[in-house]
Structure formats: C-alpha cells, structure tokens
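Listed here are the chains, written in short residue letters.
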Amino acid sequence: MSLATTLQMLGRGRTDPRQRRTPMFRSAGFRFGILYASLFGLSALALAAFLWWTTVGLLDRQTDAAINADTQGLAERYQEGGLPALIETIDQRLATNIDDNAIYLLVGPRFDRIAGNLNAWPRGVTLDTNWFELPVERAGLKGVARLHEFNLAGGFHLLVGRDSHVRSQLRRLLTAALLWSAVVALILGMLGGALVRGAFRATVADVSATAAAIAAGDLSRRVRIAGTDDEFDLLAAAVNDMLDRIMRLMDGVKQVSNAIAHDLRTPIARARTRLEDAAIHARSPDELHAAIERAQADLDGVVGVFQAILRIAEIEAGARRSAFVTFDLSALITDMTELYTAPAEEAGLRLDAAIQYEISLHGDRDMIQQAVANLLDNAVKFSPTGTTVQLTLAASRDGVRIEVADRGPGIPEADRTRATERFFRGEQARSTPGSGLGLALVQAVATLHGGTLTLADNAPGLRAILKLPASSMNVAS
Amino acid sequence: MRILVVEDDKDVAGFVLKGLREAGHVVEHASNGRDGLFLAASESFDAIVLDRMLPGGIDGLRLLETLRSQNNHTPVLFLSALAQVDERVKGLKAGGDDYLTKPFSFAELLARVEGIARRGRGEGPVTRLAVADLEMDLLSRTVRRGGEKIDLQPREFRLLEYLMRHAGQVVTRTMLLEGVWDYHFDPQTNVIDVHVSRLRQKVDKPFPAPLIHTVRNAGYMLRAEAP
C-alpha cells in the first residue's frame, strides 16, 4: 500500500461523519504507530552504539597497543645500550614518524628535558598513574594526546604518546553522523508509525463504518474485502457472514410479521364475526352452541399456526441442536409408513415404501418425524384417487436421502423456490385447508441438520427430496 | 379425586376449577406459588395442576423442585404458556409428570390430569384388561369380545390397550399419538381418526353395542355403555 493511498484513506476515515473520533492517546492505531516508532528508534540506537564501539573503540585500543609496544621497545633499548642508545632511538623514531603523531619526552630526575618533541614535562602528568589524556603543545601546535608515563632506572622518566587529533576528528564525524541519523530515524519512525496507524485505521474504519451503517438500519452494507487473503480479509469475511445471517433472520422476522398481519387476521376475524353474529342473531341455544364451536375451531387453527411458526423459529435459532441423539432412522420411517398407510388407503391411495435398513442418524428425532409427516401429509392431501405415493429412504456415501413422490398437481417451476417460504400457498393449494407452513418447517429441519430440501418435478406430481449430510449419518451399525 | 390447582390467571383458574368440579373432583385453588407450596406440602392430593409462571417469588419449577426434595411424589401436570420443546423438557426434568401448553382444551386437561393421577396410584403390572365383554390378555397378546377372538395388528393391539387402560376417560388424539406411536408432532391429516376407525371395524362393528365412542371436540373414550 503506498503512502498516498494510506493518507487518502486516513483522510476519508476522518471525514466520515459516522465514525466516532477517539482521543489520540487512546486510539489503538496511535499505539501501534508509537510502538513501531519506538522499535525503529531502538534498533537505530543499537546500530549506532555498535558502530561507535567498533570504530572509536577500536582506534582507542589500537593507539593504546601502539603506545605499549613503543614503550616496551624503548625500555629494552635503554636496558641494552643505556641513555645514549635511548636518545638515539627516540630521535630515530621521531624522524621516521611519517604521520607526525608520535610524542616522546625523556626527562632527567629533575624533570629537565633530555630528548623528545615536547618542550617541557606537561602539567598534570603525575607519577602515581600511568595513562593520561591531556592537551599538549608541540612545535607550536596545540592538540590533545594520549600519554603513557614510564619510569626508567636511574630516576629517568619517559613519556610516550600519540596525538589523538585523528581520533577526535573521527569522533566528531561519527557524533555528527549519528545525530543526523537519529533525526532521520525519528522522522522515519514517526512517518512509519503514521503509516501503520493509517493502515490500521483504514481497515478498522471500514469495519466500524459498516457496523455503524448496519446499526443505523442499512442492512445491505458489507465490509470491503481487499482480496489479499490476509487476517483483515478473514475478519471482514467473518463479519460479512455474520451480517448475512443477521439479514436472513431479519427477513424471517419481517416475513412472520407480515404473515401475522395477513394470514392470522383472517381466521381471527372470522371467529370474531361468528361470535358477534351469534350474540346478535342466534335464536336458539343450539344455534349459539354451533356458532361457538365453529369459532373455537377457527381459534384452534390460529393456535396451530402459532405453534408451527414458533417451532420453525425455534429450529432456525438452532436451539434444538442440544436435542440431537443417535437413532434408528429406518425404524422411524417404517413406523411413519405404518402410520400413514391407513389414511392413504382411506383416501384411495397406495403408499409404496422402499426403505433401506439399518440406517441410523444423529439428529433431532422429533423434528425428523415432523418433517417426514409434513411431506406425507402433503402427498396424501394433494394426490388424486387411485395414484401411488412413493416413500424412499436410501443411504449413500453423500448422506441420507428421504424422498416422497406423489402424482398430484405438483408445484410449478416458478413457485418451487418460494414454496419453502413461510405462508406460501400455491394456486392449487388455496382451496385446500392448510397454513402454508409445512414445507417451511421441512426446510428449517433440513437446514438444522446441515441438509437440503429439493422440490423436483415427478412428471406429473411432486418429488420432495430431503437430503441429510453424511456427517449426520451414523455408520457404526 | 382431590386436585390442587395452582394458577394465577383468574379466568383460566375459574374455568379449570369449574370443569374439574363438574367432572366430580374435589378441587383446591392457590393463586400464587407460596400458597400453592404450602397447600401441596401440608395436604394430600391425587394430582396437582401447576402453572409455571406464578407471582409471589416461587414459580412453578421452584415449587415442584421443593416439593420433590421433600419426598412428595404427588403427580404434577404443568400448565404453561411456555410452549418451546426446551421448556417442556425443563418441566419434565424438574419432576413434572406431564406438560400441557396454553391455550388448551379442557377435555385435554381433564384427560391428562386423570391420566397422571391414575399412573400415580401405581397399579402394578397388569396382565389382563377387561371392559364390558371386551377382554385383553397382555401375556398371550390376544383380544376376545363375548368369547370371540379378534385378530389385531400389533399397532392396533397397542391402540386398543391404551384405550382400555384409560377406559371411562377421554383420550385425546395427541395423547394417542404420544402414547401409542411415541410421536411428538401435530399431523395435519386425520391419521389418528383413520386408525381408530379401523380398530372400530374390528372391535365394534360385528357387535351390537359400540365400546369406542367419539367425544366431540376432544377425542375418544372406551366405555361400557352409552352416556
């Protein structure tokens, strides 16, 4: 992400009126920025310290080693050849010193100069310590030198040193360089911090702007996915999934309230009219009783619809997952066949069952029962006399398939996707009693088990296929 | 039977009390949990009809749990507007014998109260059931009427057994579905009616007096003579 786009996004985040502003010190973006800047600064500091130690430190150590070696050599010369040899060596060394940085001074017991390039014993050099760092003056030049004092036999004192102006120069150079790089590091750190903060805010701003929009009622808003598959994309995808689910639930609530407004008002109004009519016009207790009974039946119907709505809501909320057990599905379907054979025959139908044995399922037994019962109820209700209703239970590697096929009017292709919506009633179904909740419940049960409900053409008729995934199948048997 | 009704809604309580008294039961009423618990613990009842949500700090669940912890095993029928399956399970787990959701029909309530009270009496294992000239042998699984053997399918046998065990008592369609088929759902079609009608073909039709009667707006009843 380039700096320009980051700043642009940062700016957009700021101008978004819905985004609440956090005080700078409490903003997580600011904290991340500071963290970045301090990490950057610390590493720059560590680098500088290392640089200092390896250059200036090394130079110091080299100088000390040279002085030591020099002193050692001169002391040996003095031991071998006495004072004249020492003076000769010093003069020789001074003459061959190309860098012109060596300092020698040999003094007698009374500190009078015997040889060397210093005019006098520098003030500040005492005899109790050996190493000094002093300003000296030689040949009219002032400078700072590192000196080593050495006592020779016979009361002579030898001072060996190196002019440290090279080192001082280097130190100045390094100090300036480091100061400048500290400034650069500070600027870079702050810039980087701002970048990190901006990137962070840009991502979070989108999530929080979306959440704010949702909270304000715009349910269609989604978090932008950058397509980089990073952690922020994962977060955005998770948030979007959550929002999709919320939207589906909201749609459900909307649907149900619409349904209550339209589909439940009708029977309630009818019951009310009957009662009022009876209260005004009934001429005998029998008429009154009949009206009351009919109204009661109407109200029972309303209660039934309520129960179905609540049950679907309960299933959709997933609260019933706690009721999952492993049970013998083959036995359940066999029982259902037995229960529905009689009503089918009564309606002049044949119920033909093809049941694969020893299939067990992990799920909600009552709900599966209810779902299969709803499918069979529909088949029996809509099939013309003399036809066959086919019930199939089969298991494969993909899962369990429960299929109910009839030869009724079926559902036109245009209506099939809507047929599982709550309160949907097809043209053919309007004349038959029912609430329009049967398939909605089957759909909810399928979803609860991670399965699907497919409505297909049986040419003629309807094939309702309830598929439950293999994961819910228990293959232990 | 002596029945305690713990219910705070005046209309519902009045309706239940009147109905139970008309059915020939002696009924006590408490309108909050505290009074209900006091009555239930201090007197002896054959059954308790208990609302779940009660005023007075003690709700139905608490009341029942307290009662059961005192080793009181009076059969309890929960009566509640909390209709979700989880709520039902909660009620039964707390020690309730049955659970009826509001709104309810009185016939259903009466049938269920009488059902749990009878169960509570603990009749011990029965091997033979008889109503009028209809006899059922539970060991050999045979049914005779007036000495004549009737052939029944296994499910028809269980349906008749259930009716005979509740002879003289209204049995609702829901009770049959739960008791005979162990199903907990509402079929939209008349499945139960069809099965009962088939049973009638075998048990009643060849004989002069019917034993299985339809109770309007409620369900069925097996009894010796017409009312």
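As the structure is a computational prediction, the values presented were derived from the model and not from experiment.

Caption draft 1: Spotlight on the interface of chain B and chain A. On the side of chain A, 27 residues touch chain B, which itself brings 23 residues to the contact. When chain B packs against chain A, close to 2,400 Å² is buried across both sides, 46% of that on carbon and sulfur atoms. For the interface between chain B and chain A, the tally reads five salt bridges. Arg155 of chain B is paired through a salt bridge with Glu338 of chain A; the nearest N and O atoms lie 3.2 Å apart. Linking chain B with chain A are six residue pairs in polar contact (both at pLDDT 80 or more), by the criterion used here. Within the residue set of the side of chain B that touches chain A, elements represented by two or more residues are helix H4 (85-93) and helix H8 (191-203) of chain B.

Caption draft 2: Local environment of the packing of helix H6 (residues 154-165) of chain B against H8 of chain B. Residue and element names in this part refer to chain B. The geometry of H6 relative to H8 is characterised by a closest axis approach of 10 Å and an angle of 85 degrees between their N-to-C directions. Here H6 is positioned roughly perpendicular relative to H8, judged by the angle of their axes. In contact with Glu156, Leu159, Leu160 and Leu163 of H6, H8 contributes His195, Val196, Arg198, Leu199, Lys202 and Val203. Partitioning the contact of H6 with H8 into residue classes produces six nonpolar, one polar and three charged.

Caption draft 3: Expanded view of unusual backbone geometry. Of note, the amide linkage connecting Ala459 of chain A to Pro460 of chain A takes the cis form, showing an omega dihedral of -5 degrees. Summarising the element assignment, Pro460 of chain A is placed in the loop between strand E11 (452-457) and strand E12 (462-469). Along the chain, Lys102 of chain B connects to Pro103 of chain B via a cis peptide bond; the corresponding omega equals 0 degrees. On the secondary structure map, Pro103 of chain B appears in the loop between strand E5 (98-101) and helix H5 (106-121). Even without being a glycine, Asp229 of chain A presents a positive backbone phi close to 60 degrees. Tracing the backbone shows Asp229 of chain A in the loop between helix H3 (165-215) and helix H4 (231-281). Of note in this structure, Asp182 of chain B is not a glycine but carries a positive phi near 60 degrees. Relative to the helices and strands, Asp182 of chain B is located in the loop between helix H7 (173-180) and H8. A relative accessible area of 37% means that Asp182 of chain B is categorised as partly exposed.

Caption draft 4: Fine view of the packing of helix H6 (residues 329-346) of chain A against helix H7 (residues 365-382) of chain A. Residue and element names in this part refer to chain A. Taken N-terminus to C-terminus, the directions of H6 and H7 make an angle of 30 degrees; their axes are 11 Å apart at the nearest point. Comparing the axis directions of H6 and H7 gives the class roughly parallel. For the element pair H6 and H7, the recorded crossing hand is right-handed. Side by side, H6 and H7 meet where Leu329, Leu332, Ile333, Met336, Tyr340, Pro343 and Ala344 of the first sit next to Arg365, Ile368, Gln369, Val372, Ala373, Leu376, Asp377 and Val380 of the second. Partitioning the contact of H6 with H7 into residue classes produces 12 nonpolar, one polar and two charged.

Caption draft 5: The sheet that holds strand E11 (residues 212-215) of chain B, seen in detail. All names here are of chain B. If you trace the three strands from one edge of the open sheet to the other, you get E10-E12-E11, paired in antiparallel fashion. The open sheet is flanked by strand E10 (171-172) and E11, the only strands paired with a single partner. Two elements, E11 and strand E12 (residues 219-222), share four bridges in a ladder whose sense is antiparallel. Within the sheet, the bridge partner assigned to Thr214 lies in E12 and is Tyr220. The sheet contacts of H8 involve E11 and E12, and relative to E11 the element is tilted by about 150 degrees.

Caption draft 6: Summary view of the confidence of the model for chain A. For chain A, per-residue confidence averages 81 on the pLDDT scale, and 90% of positions sit at 70 or higher. Here helix H1 (residues 3-15) of chain A stands out as the element of chain A with the lowest mean pLDDT, 42, in contrast to strand E10 (residues 399-405) of chain A, whose mean of 93 is the highest.

Caption draft 7: Layout of the pairing of strand E9 (residues 388-396) of chain A. Residue and element names in this part refer to chain A. Direction of pairing for strand E7 (residues 350-355) relative to E9: parallel, over a ladder of six bridges. In the sheet register, Asp352 faces E9, and the bridge partner there is Gln390. Summarising the sheet, E9 and E10 pair through seven bridges and their orientation is antiparallel. Residue Ala395 lies in a different strand from E10, and its bridge partner there is Val400. Hairpin remark: E9 followed by E10, antiparallel, with two residues in the connecting loop.

Caption draft 8: Inspection of the nonpolar core at higher detail. Counting residues in hydrophobic clusters, the biggest one holds 93 residues, and the most contacted among them are Leu329 and Tyr340 of chain A together with Leu176 of chain B. Ranked by residues supplied to this core, first place goes to H7 of chain A with nine residues. The residues contacting Tyr340 of chain A, other than those within four sequence positions of it, are Leu351, Ala373, Leu376, Asp377 and Val380 of chain A together with Phe185, Pro187, Thr189 and Val191 of chain B.

Caption draft 9: Spatial organisation of the sheet that holds E11 of chain A. All names here are of chain A. Here five strands make up an open sheet; going across it, the order is E7-E9-E10-E12-E11 and the pairing mixed. Single-partner strands in this sheet number two, and they are E7 and E11. Ignoring strand direction, the axes of neighbouring strands in this sheet form an average angle of 15 degrees. Relative to E12, E11 runs antiparallel, the two sharing six bridges. Across the sheet, residue Ala456 finds its bridge partner in E12, namely Arg463. Against the sheet, H6 contacts E7, E9 and E10, and its axis sits at roughly 170 degrees relative to E7.

Caption draft 10: The arrangement of the packing of aromatic side chains in detail. Within the structure shown, the criterion is met by four aromatic pairs over all chains. Measuring from centroid to centroid gives 6.3 Å for Tyr78 of chain A and Phe156 of chain A, while their planes differ by 70 degrees, and the two rings are edge-to-face. With Tyr78 of chain A in helix H2 (residues 28-96) and Phe156 of chain A in the loop between strand E4 (141-151) and strand E5 (157-163), this residue pair connects regions lying 78 residues apart in the sequence. Phe156 of chain A gets classed as buried once you look at its relative accessible area, which sits at 16%. Their ring planes at 45 degrees and their centres at 5.8 Å tell us that Phe78 of chain B and Tyr99 of chain B sit as a pair that is tilted. Taken as a pair, Phe78 of chain B in strand E4 (residues 76-80) and Tyr99 of chain B in strand E5 lie far apart in primary sequence, 21 residues in all. With a relative accessible area of 2%, Tyr99 of chain B lands in the buried category. Ring pairing ties together the aromatic residues Phe15, Phe104 and Phe106 of chain B, which thus form one cluster. Cation over ring: Arg61 of chain A sits above Trp53 of chain A, and NZ or CZ is 5.1 Å from the ring centre.

Thresholds, definitions, all that
Residues numbered from 1 in each chain as written. Chains lettered and ligands numbered in written order. Predicted model: local features only at pLDDT ≥ 70, side-chain atom pairs only at ≥ 80, totals over all residues. Heavy atoms only, no water. Contact = heavy atoms within 4.5 Å. Buried area = accessible area lost by both parts, 1.4 Å probe. Salt bridge = Lys/Arg side-chain N within 4 Å of Asp/Glu carboxyl O. Polar contact = N/O pair within 3.5 Å; in protein donor to acceptor, adjacent residues only side chain to side chain. Helix = DSSP H or I, 4+ residues; strand = E, 2+ residues; numbered from the N terminus. Axes fitted to C-alpha atoms, helices over the stretch in contact; angles between N-to-C directions. Parallel < 35°, antiparallel > 145°, perpendicular 65-115°, else oblique. Nonpolar A, V, L, I, M, F, W, Y, C, P; charged D, E, K, R; others polar. Buried < 20%, exposed > 50% of the residue type's maximum accessible area, 1.4 Å probe, protein only. Left-handed = near helix turned anticlockwise from the far one by under 90°. Pairing = 2+ DSSP bridges. pLDDT = per-residue confidence, 0-100. Core = buried A, V, L, I, M, F, W, Y, C linked by side-chain atoms within 4.5 Å. Phe/Tyr/Trp six-rings, centres within 6.5 Å; stacked < 30°, edge-to-face > 60°. Lys NZ or Arg CZ within 6 Å of the ring centre and 35° of its normal.

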